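Here's the letter readout for the chains.
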Amino acid sequence: MNAVELIRKKRDGQRLARPELEFLVRHYLEGKIPDYQMAAFCMAVYFRSMDVREITDFTQIMADSGDRLSHEGFDGFIADKHSTGGVGDKVSLVLVPLIAACGLYMPKLSGRGLGYTGGTIDKLEAIPGFRAPLTLEELKRCLCQAGAAISESTFQLAPADQKLYALRDVTASVESLPLIVSSILSKKLVIDSDGLVFDVKVGSGAMMRALSPAKALAGLLVSIAKRCGRRAVALITDMSQPLGYNVGNALELKEALATLQSHGPADLTEIVLRLGSELLVMAKQARTVTAGWELLRRKLLSGEGLHKFSEMVRAQGGDADVVRQPHRLSCAREKLELKAKKTGWVGALDARLIGEAAHSLGAGRAAMGERIDHAVGVELFKKIGDQVTKGEPLACLHVNEQTHWAEAMARVESAFQIGRIRPRRPALVRGRVA
Ligand code: URA
């Protein structure tokens, strides 16, 4: 077996057997197959695709390339969730403790933000002392203590995918459905979970801008996850505008805490309850999604979700007092308002432009390892379907550095489209795949 033969086979549209895929992944990770050959293979997959058997094998091989969190020592249901990413997406911050409050284990491996979307880890690091990079042993300990943990891995998380993803990024082969699905799932399989929910975002602030590719991604994620032995459901959710009203790390954390106190924004609360109720049904904690929804609602109202969040923060070394006193989180020095230039209805609110505005204020990073400013971001006062009067505030920038605010303000201004016709509010859940 050699790499050229396997690249040629895929180039000609043939299927590769599991040992052939193993050969490619193992030798690439060991440095015996060079980047240029693996790039050629990825491009062949881009044009010729893979069938579900090949994707399943490829996913499992990449998941097996590093460390795993086994089920051993956990006698309950282990739940996991994945979002394809969006602007203002703080769902995990609410969902993870809420699910743990229902008696399930929820270890969540998350990343840092790169580009215009934020990262869950960055949001949590707005809490003084919070330690996100955990070893596998520390992750297990936090999970035993609190039932919930949100961590960045310090261990070998599907290293074959990490190497391959970096290569795809610079060789124009990220946009291949089999490669995206195997990449996402290889990192999910590292945790020996019993059930998985996928939040596949669609719209201007998402990886998938249109419904049809989002449906294809959701369908393939669910079918490959099932072939890998997991129960799985995907919801396709709206990302035509940001989720909630706040974009930026400390701002989003405060909004998540408000949601855990049951006075968060309706859209964020609904997505959390919809995803959570799917997990409760999988775990047989609820017979129907409606019953699951009710259970989660009770956990919000009773404050048990918030209490779990404090336990999780404490287990990860953070200052749990900020959970009850969010005003202690860092605040930006200045707030600059954007006022409506005309009267009408908000017809569009481009999520990507809002994400880019927050990024340019310092909330995000352009390259891994860059420092970010936890306090800055964009607070929205109006969303699609809201009526506005000329002169009314539409949004507010939370600013520390004076340098970039004009650019950010221009982006926020262009994100809003105000028209004379009352638009329909976008449906929050656009589809479900089970
Ligand atoms: N996210 C991933 O983890 N992998 C991809 O290929 C695309 C998005």
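This text gives an overview of the structure that appears in the document. Computed from a prediction, not measured in an experiment: that's the story for all the values here.

**Here's the deal with helix α3 (residues 35–48)**
Here comes step 1: For α3, built from 14 residues, the straight-helix expectation of 20 Å at 1.5 Å per residue is met to within 8% by its first-to-last C-alpha distance of 20 Å.
Here comes step 2: The complete set of buried residues in α3 reads Q37, M38, A39, F41, C42, A44 and V45.
Here comes step 3: Buried residues in α3 make contact with α1 (3–11), α2 (18–29), α4 (52–63), α8 (159–169) and α9 (177–189).
Here comes step 4: Backbone geometry just downstream of α3 places S49 in the positive-phi region, at approximately 65°.

**Side note on the pattern of salt bridges**
A pair can form between side chains of opposite charge whenever their charged atoms are brought close.
Here comes step 1: Scanning the model with the defined rule gives 35 salt bridges in all.
Here comes step 2: Where salt bridges share partners, they join R112, D122, E125, E152 and R365 into one cluster.

**Regarding the nonpolar core**
Here comes step 1: Judged by nonpolar contacts, the single largest core of 102 residues is most densely connected at I99, I127, F309, V378, L397, V412 and F416.
Here comes step 2: The contact partners of F309, leaving out residues within four places of it in the chain, are L93, P97, L124, I127, L253, L257, L260 and V323.
Here comes step 3: Ranked by size, the runner-up nonpolar core spans 47 residues in total, among them A3, L217, L221 and C228.

**Some remarks on the layout of surface pockets**
Over the atoms rolls a probe the size of a water molecule, and in doing so it shows where empty space is left.
Here comes step 1: In this structure, the largest pocket encloses a volume near 1,800 Å³.
Here comes step 2: Lining the largest pocket are 44 residues, and of these H82, T84, R112, Y165 and K187 lie nearest its centre.
Here comes step 3: Counting only elements with at least two residues in the lining of the largest pocket, the list comes to β1 (79–83), β2 (106–109), α6 (120–124), β4 (148–153), α8 and α9.
Here comes step 4: Ranked by residue count, the leading element in the lining of the largest pocket is α8, at 6 residues.
Here comes step 5: Among the residues forming the lining of the largest pocket, the class breakdown is 13 nonpolar, 17 polar and 14 charged.
Here comes step 6: The space that makes up the second largest pocket amounts to roughly 290 Å³.
Here comes step 7: As for the second largest pocket, its lining consists of 15 residues, of which Q241, D267, K383, R425 and L428 are closest to the centre.

**Considerations on the site of the ligand**
Here comes step 1: Around the ligand, the neighbouring residues are Y165, R168, I180, S183, I184, K187 and M207.
Here comes step 2: For the ligand, an oxygen atom lies 2.8 Å from a polar atom in the side chain of R168.
Here comes step 3: With respect to the ligand, the side chain of K187 contributes an N or O atom lying 2.5 Å from an oxygen atom.
Here comes step 4: Compared with its free state, where it exposes 240 Å², the ligand has 87% of that area covered by protein.
Here comes step 5: Sorting the residues of the shell around the ligand by element identifies α8 and α9 as the ones contributing at least two each.
Here comes step 6: The element contributing the most residues to the shell around the ligand is α9, with 4 residues.

How each quantity is defined
- Residues numbered from 1 in each chain as written.
- Predicted model: local features only at pLDDT ≥ 70, side-chain atom pairs only at ≥ 80, totals over all residues.
- Heavy atoms only, no water.
- Helix = DSSP H or I, 4+ residues; strand = E, 2+ residues; numbered from the N terminus.
- Expected span 1.5 Å × (residues − 1).
- Buried < 20%, exposed > 50% of the residue type's maximum accessible area, 1.4 Å probe, protein only.
- Contact = heavy atoms within 4.5 Å.
- Salt bridge = Lys/Arg side-chain N within 4 Å of Asp/Glu carboxyl O.
- Core = buried A, V, L, I, M, F, W, Y, C linked by side-chain atoms within 4.5 Å.
- 1 Å grid on protein atoms, 1.4 Å probe; cavity = no way out; pocket = protein on both sides within 12 Å on 5 of 7 lines; lining within 4 Å.
- Points joined across faces, edges and corners; volume = space filled by probe spheres on them.
- Nonpolar A, V, L, I, M, F, W, Y, C, P; charged D, E, K, R; others polar.
- Near = heavy atom within 4 Å.
- Polar contact = N/O pair within 3.5 Å; in protein donor to acceptor, adjacent residues only side chain to side chain.
- Areas by Shrake-Rupley, 256 points an atom, 1.4 Å probe, with all protein chains shown as cover.

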